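Each chain, written out:
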Amino acid sequence: MTGHDNPTFQDDNLSIPGDYKSTYFPQRPTKFEPENSQTCEESQSGSMPPDKGDQGPKRETWGKGVEFLMSCIAMSVGLGNVWRFPFTALDNGGGAFLIPYLIVLILVGRPIYYMEMALGQFSSRGSVKVYDFAPGMRGTGYGQIIATFWVMTYYSSVMGITVRYLYESFSSTLPWTWCRDNWENVTCVDAVLKNTSQSLSHANSTSRSSSDLFYHNEVLKEKSSIEDGIGLPDPYLTMCLAFSWLVVMLILIKGVKSSGKAAYFLALFPYVVLGILLIRSSTLPGAMNGIIYFIKPQWDQLLNPQVWYAAVTQVFFSLSVCFGNVIMYASFNKFDHNIYRDANIVTTLDTFTSLLAGFTIFGILGHLAHEIGTDDVSTVVVSGAGLAFISYPDAIAKFDFLPQMFSVLFFFMLFVLGIGSNVAMSSNICTVIRDQFPKVKNWQVSMAVSIIGLALGSVYVTPGGQFILELVDYFGASNIVYVLAIGELIALHYVYGMGRFCRDIEFMIGKRPGMYWRLTWGFITPLLLLTIFIYTLAIYSPLTYRGQNYPDSAYACGWTLAAFGVFQLPIWAAVAVIRQSGKTWREKFVGAFKPRPDWGPVVPSIAEKYRKFRATEDSKALFANDGFIHKIKRTLFG
């Protein structure tokens, strides 16, 4: 429903006369058309308003709308879909996990994805400047960018490991298929052995596969403990890490003009490889047993709160919502781009990819179980990073036909998936910096971020690097993102106002958010996230890595990371109040939680229409009567 067909346009409690409607909402089915017979494309590519501090520099736009869609796909469809989803599902009810997963996708993932797209496109601001709609809540944006920064640093180290495996895949004999003489104090089983008497399923409790030992002993050179420090960076992994950052920098160096072009390959190539691997895996002996093992439902798990917590976590991190990345990408859109369509495409495709990857991976693992002579697929299952760097290489080694080719395809696909996500995170940080310092060149920011990322990423390629990775992920990103997500929802829908936001969307694309969007944004999603956060605190237990506790100093550093992210909210709220003009502290406080005068579209012709729209008497009345109770009533009844 667009509201453009009646003589009087009804918008919540606002009634806009027909003549106003014809001026500000022309007869177009779904899109806003600026004045002077210009298209939005022409307006966006024209001159921008002069720099006024918070307004920012002339903003780039995607070359084509499809580049934005491809970039979002490359960002959201990543490593989590290929190895995290299959084992998250397996550990939380198998096929039954799909029920809470799809429910959470509908109630959390899709609403937040559309909300962040709309917010970024409407304002053309990065993930921090976007809080000009409520400066007192800007700490939410800073907290999210800090979480993104930490994820970016360790995510690149995974790319470094992937590059190492990709390089090794060109060997005449895959190096993880045979045991070394220097692997002492453990019984090693060659990955290519097909004698069931020596297979993992029949080996003693200390037996480990050659692929397992190659990953930990040769690639990571992992320490058994970090009590005496983490050690020095491994030179080979450091070179692989540098190569990963070089690729990211080259993609970012010209901004969205270059990253948009790269997005076609980053988004589409993984599906080509997944399709090839799915066809190959489905023809292997034992593949069907693995697929059945993956989708077999465990119905009793539906009542387990841990399963619902896992579903929220998977949707949250798979779609990359509430990290600022979606807002950043949408901020480069043309003002009337159809984000409603794109949000539905990306969230649906993300789920489809997770299922496709699950069938592919478990088809191959089913074949691996068949090769070692067992019907129990769980004997070859290693979760987490072990799936990509232990279980899958182990299975590939047993391919009779060109195992090197399939190994190259798989690890190149992982590299492309990781690069797509890392480009989004790095772009987010670069955009925040350029919004704050508009005179800095894009290549300078890209190079600086890449160098810093390489320097910090070298910590994760030390012998104790995986200990640090788990610590940073748990305290620096996984936990605090729930607090920041709740802060984002409250800031937008209870500080700025649900009515304002819904009218902004309709002003932009001509489509009014319906009851589903208002209920999820205003009530269901924040309540669900708050419940999950409380549940996380209730079941908290000290973090461990491979069954080992961390030193007390490591836990102290972890909680410092978490506090640094969460405390951005009160710190920047205080800064906003202090900077706000007003005679009394009460006036300053109230003003800090109201939109800035220049809030709105940055394209001059569209901004002028928006200012006139805000200046109507009915619009003023709606904005004035925007108390907490009134916002709740508007959310429920429109």
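To be clear, the structure that these remarks concern was listed above.
Computed from a prediction, not measured in an experiment: that's the story for all the values here.

(A) Local environment of the nonpolar core. Y113, F410 and L529 are the most contacted members of the largest nonpolar core, which has 170 residues in total. At 18 residues, helix α18 (residues 480-509) tops the list of elements feeding residues into this core. Setting aside residues up to four positions removed in sequence, F410 forms contacts with V82, V273, L277, I361, A388, Y392 and I396. L471, Y545, Y550 and Y555 belong to the second-largest nonpolar core, a separate cluster that totals 10 residues.

(B) Local environment of the pattern of salt bridges. In this structure the tally under the stated criterion is 10 salt bridges. For K261, the salt bridge goes to E67, with nearest N and O atoms at 3.0 Å. Of the two residues, K261 is situated in helix α9 (residues 256-282) and E67 in helix α3 (residues 65-76); the sequence distance between them amounts to 194 residues. Note on K261: relative accessible area 48%, which makes it partly exposed. Residues R596 and D598 are paired through a salt bridge, measuring 3.4 Å at the closest nitrogen-oxygen approach. A cluster of three or more residues bridged by salt bridges with shared partners is formed by R125, D132 and R138.

(C) Region of the structure containing the packing of aromatic side chains. Under the counting rule described, the total for this entry stands at 54 aromatic pairs. By the ring-pair criterion, three or more aromatic residues cluster together here, those being F122, Y131, F133, F335, Y496, F507, W599 and Y610. The ring of W178 has R180 lying over it, and the distance from NZ or CZ to the ring centre is 3.6 Å. Directly above the ring of W585 sits K588, whose terminal nitrogen or CZ lies 5.8 Å from the centroid.

(D) Just the packing of helix α17 (residues 465-478) against α18, in detail. Contact pair α17 / α18: the axes reach a minimum separation of 5 Å and the direction vectors enclose 15°. Compared by their axis directions, α17 and α18 come out roughly parallel. In contact with F475, G476, A477 and S478 of α17, α18 contributes I480, V481 and Y482.

(E) Structural context of α18. If you check α18, its first and last C-alpha atoms are just 33 Å apart, much less than what 30 residues at 1.5 Å a residue would give, namely 44 Å. Counting buried residues along α18, 28 of its 30 residues qualify, which places the element largely inside the surrounding structure. Downstream of α18 by one or two residues, G510 has phi in the positive range, about 75°.

Conventions adopted
Residues numbered from 1 in each chain as written. Predicted model: local features only at pLDDT ≥ 70, side-chain atom pairs only at ≥ 80, totals over all residues. Heavy atoms only, no water. Core = buried A, V, L, I, M, F, W, Y, C linked by side-chain atoms within 4.5 Å. Buried < 20%, exposed > 50% of the residue type's maximum accessible area, 1.4 Å probe, protein only. Helix = DSSP H or I, 4+ residues; strand = E, 2+ residues; numbered from the N terminus. Contact = heavy atoms within 4.5 Å. Salt bridge = Lys/Arg side-chain N within 4 Å of Asp/Glu carboxyl O. Phe/Tyr/Trp six-rings, centres within 6.5 Å; stacked < 30°, edge-to-face > 60°. Lys NZ or Arg CZ within 6 Å of the ring centre and 35° of its normal. Axes fitted to C-alpha atoms, helices over the stretch in contact; angles between N-to-C directions. Parallel < 35°, antiparallel > 145°, perpendicular 65-115°, else oblique. Expected span 1.5 Å × (residues − 1).

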